[in-house]
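Residue-level structural notes
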Amino acid sequence: MRRLIQVTQDDDPQKPDFHFRLAELYSEKQRFYFTSARALDQKIFDAPPAQKATLQNQQKGFETTQGKWLLEAVKAYIAATKFKKYERMDEVLFKLAYLLTSVKKEDQAREFFLRLIKDYPNSKYIPDAYLSFAEFYFDKADMDAALKFYEKVEQFPKSSVYPYAVYKKGWCYVNLGDYKTALETFVSVVRMTQEGKTAINASQKQALQKEAKKDIVQGLRPRGRPRQGLGVLPAHGRRPSRPR
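Fair warning: this is a prediction, and the values are worked out from it, not measured in the lab.

**Topic: the overall build of the protein**
Counting secondary structure elements, the protein contains 11 helices and 0 strands. If you list the helices and strands of the protein from N to C, you get α-α-α-α-α-α-α-α-α-α-α. Long-range pairs, those at least 24 residues apart, make up 53% of the contacts in the protein with a sequence separation of at least 6. Counting every atom, the protein has about 13,900 Å² of accessible surface; 51% of that belongs to carbon and sulfur.

**So, the packing of aromatic side chains**
Considering all chains together, one arrives at 16 aromatic pairs under this definition. With 6.4 Å between their ring centres and 55 degrees between their planes, F94 and F113 make a pair best called tilted. In this pair, F94 is assigned in helix α5 (residues 89–102) and F113 in helix α6 (residues 106–119), connecting sequence segments 19 residues apart. Like F94, the residue F113 is buried in the burial classification. Between Y130 and F149, the aromatic rings sit 6.3 Å apart at their centres with planes inclined by 45 degrees, giving tilted as the arrangement. Of the two residues, Y130 is situated in helix α7 (residues 126–139) and F149 in helix α8 (residues 143–153); the sequence distance between them amounts to 19 residues. Here Y130 matches F149 in class, with each residue buried. In this structure an aromatic cluster arises from ring pairing among Y130, F133, F136, Y137, F149 and F156. Against the face of W69 rests K29, its NZ or CZ located 5.1 Å from the ring centre.

**What about the pattern of salt bridges?**
On inspection of all chains with the given rule, the structure shows 15 salt bridges. D17 is the partner of R88 in a salt bridge, and the nearest nitrogen-oxygen pair spans 4.0 Å. Of the two residues, R88 is situated in the loop between α4 (49–81) and α5 and D17 in helix α2 (residues 15–38); the sequence distance between them amounts to 71 residues. For R88, a relative accessible area of 31% corresponds to the partly exposed category. You can call D17 buried: its relative accessible area is 14%. The shortest N-O distance in the salt bridge between R115 and D119 comes to 3.8 Å. Of this pair, R115 and D119 both sit in helix α6, 4 residues apart, which is roughly one turn of the helix. What you see here is one network of salt bridges that share partners, running through D17, R21, E24, R88, E91 and K95.

**Remarks on the nonpolar core**
Membership of the largest hydrophobic core comes to 59 residues, with the highest contact counts inside it found for F113, L116 and Y150. Element by element, the count of residues in this core is highest for helix α9 (residues 162–175), at 9 residues. Sequence-distant contacts of Y150, that is, excluding residues within four places in its chain, are made with L131, A134, E135, F138, A165, K168, K169 and C172.

**Some remarks on the environment of T65**
One can find T65 in helix α4. Accessibility expressed as a relative area gives 24% for T65, which makes it partly exposed. In this structure the C-alpha to C-alpha distance between T65 and A37, which are 28 residues apart in sequence, comes to 9.8 Å.

**Brief notes about the side chain of Q59**
Looking at where Q59 falls in the secondary structure, it is placed in helix α4. With relative accessibility at 11%, the residue Q59 sits in the buried group.

**Some thoughts on unusual backbone geometry**
With phi around 65 degrees, A141 is a residue other than glycine that occupies positive phi space. Position of A141 relative to the elements: it lies in the loop between α7 and α8.

Definitions and limits used
Residues numbered from 1 in each chain as written. Predicted model: local features only at pLDDT ≥ 70, side-chain atom pairs only at ≥ 80, totals over all residues. Heavy atoms only, no water. Helix = DSSP H or I, 4+ residues; strand = E, 2+ residues; numbered from the N terminus. Contact = heavy atoms within 4.5 Å. Areas by Shrake-Rupley, 256 points an atom, 1.4 Å probe, with all protein chains shown as cover. Phe/Tyr/Trp six-rings, centres within 6.5 Å; stacked < 30°, edge-to-face > 60°. Buried < 20%, exposed > 50% of the residue type's maximum accessible area, 1.4 Å probe, protein only. Lys NZ or Arg CZ within 6 Å of the ring centre and 35° of its normal. Salt bridge = Lys/Arg side-chain N within 4 Å of Asp/Glu carboxyl O. Core = buried A, V, L, I, M, F, W, Y, C linked by side-chain atoms within 4.5 Å.

This is the structure in structure tokens:
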């Protein structure tokens, strides 16, 4: 694919697709080594002292290789973004931003999410872009700004990130001291997942419903720093964490 890119003229309409396909290939390799590294976490924790060093070195090797493929994937996606007339540009921007988010490069990711919002307002990835800004402001403890962006996600009820955005709205209200509205919001999440009115799979639905019920039962008052609630994005298949 790299050789094909080298011999293809920039005005060839297929060239951005070559960059995109190469980025997808690199991204797949990056995910493989990331998963391989994380699969050793529990093994390292459980291993006797004499075996830990070997496993840790193996994990470090996976992480180093993962980082190399990540860099190559980012470079290939960025190369594709230079072809503004590419018909899949919104997908390129989303996948690039999502990849950067997955490795904690949120500042860089938001640049591409913002371009996605501005240039492709009708893209199916717009809810995810809005969610990225909502999460940014939530982590910065700017609940008013976060709430506005979670509400923008709510404009897309068929999106897979919609139920999560509703859930996080509840935690915005908790941190703003509006416990009545927070409770109503968590109840709506439980009802939503029970009635099956979401675009997420069964395991994600179960995790979200479980957290919402637990938040209702355990009480809502924040303790010090802003409480997070479910600290992951269920729609993307990540592991739920407990509320802080």
